[in-house]
Amino acid sequence: MKTLVALGLIVVGVWLFHDGWTMRASLKGKTQSALAGLARRVDGETRVPEHGWYMIAGGVCVLAGAGVLFAGRKR
């Protein structure tokens, strides 16, 4: 069961990261990045575009899945 949950987390993480990566390459992602950069120059606050959050969440899911998969292995 633990292995199934870990593999599920890894698959969801890869899917989220891929979705964020393709969004980054699209017109929507480029527009969000440009507007975030413009807003950063105006008021100095840090902004992360939507595709950045997708890629971060995907990376966290992959790392959590790998941690669950390899944690507590006894030989």
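Report follows, based on the coordinates. (Residues numbered from 1 in each chain as written. Predicted model: local features only at pLDDT ≥ 70, side-chain atom pairs only at ≥ 80, totals over all residues. Heavy atoms only, no water.)

**Details of helix α2 (residues 27–43)**
- Taking 1.5 Å per residue as the helical rise, α2 with its 17 residues ought to reach 24 Å, and the 24 Å between its terminal C-alpha atoms agrees with that figure.
- Listed as buried for α2 are Gly29, Ala36 and Gly37. The arc enclosing the buried residues of α2, seen along the axis, measures out at 100°, which places them on a common side. Turned more than 90 degrees away from the buried face of α2 sit Leu27, Leu35, Arg41 and Val42, all of them exposed.
- Packed against the buried residues of α2 are α1 (2–25) and α3 (50–70).
- Looking one or two residues past α2, Gly44 carries a phi angle of roughly 85°, positive in sign. (Helix = DSSP H or I, 4+ residues; strand = E, 2+ residues; numbered from the N terminus. Expected span 1.5 Å × (residues − 1). Buried < 20%, exposed > 50% of the residue type's maximum accessible area, 1.4 Å probe, protein only. Arc of directions from axis to C-beta. Contact = heavy atoms within 4.5 Å.)

**Side note on the packing of aromatic side chains**
- Inspection of the entire model under this criterion finds 1 aromatic pair.
- Their ring planes at 25° and their centres at 6.1 Å tell us that Phe17 and Trp21 sit as a pair that is stacked. Taken together, the residues Phe17 and Trp21, both in helix α1 and 4 residues apart, mark about one turn of the helix.
- Phe17 gets classed as partly exposed once you look at its relative accessible area, which sits at 36%. (Phe/Tyr/Trp six-rings, centres within 6.5 Å; stacked < 30°, edge-to-face > 60°.)

**Things to note about the packing of α1 against α2**
- Packing of α1 against α2 leaves a shortest axis separation of 4 Å and a crossing angle of 75°. It follows from the interaxial angle that α1 and α2 lie roughly perpendicular. On the side of α1, the interface is formed by Met23, Arg24 and Ala25, while α2 contributes Leu27, Gly29 and Lys30.
- Considered class by class, the residues forming the contact of α1 with α2 number 3 nonpolar, 1 polar and 2 charged. (Axes fitted to C-alpha atoms, helices over the stretch in contact; angles between N-to-C directions. Parallel < 35°, antiparallel > 145°, perpendicular 65-115°, else oblique. Nonpolar A, V, L, I, M, F, W, Y, C, P; charged D, E, K, R; others polar.)

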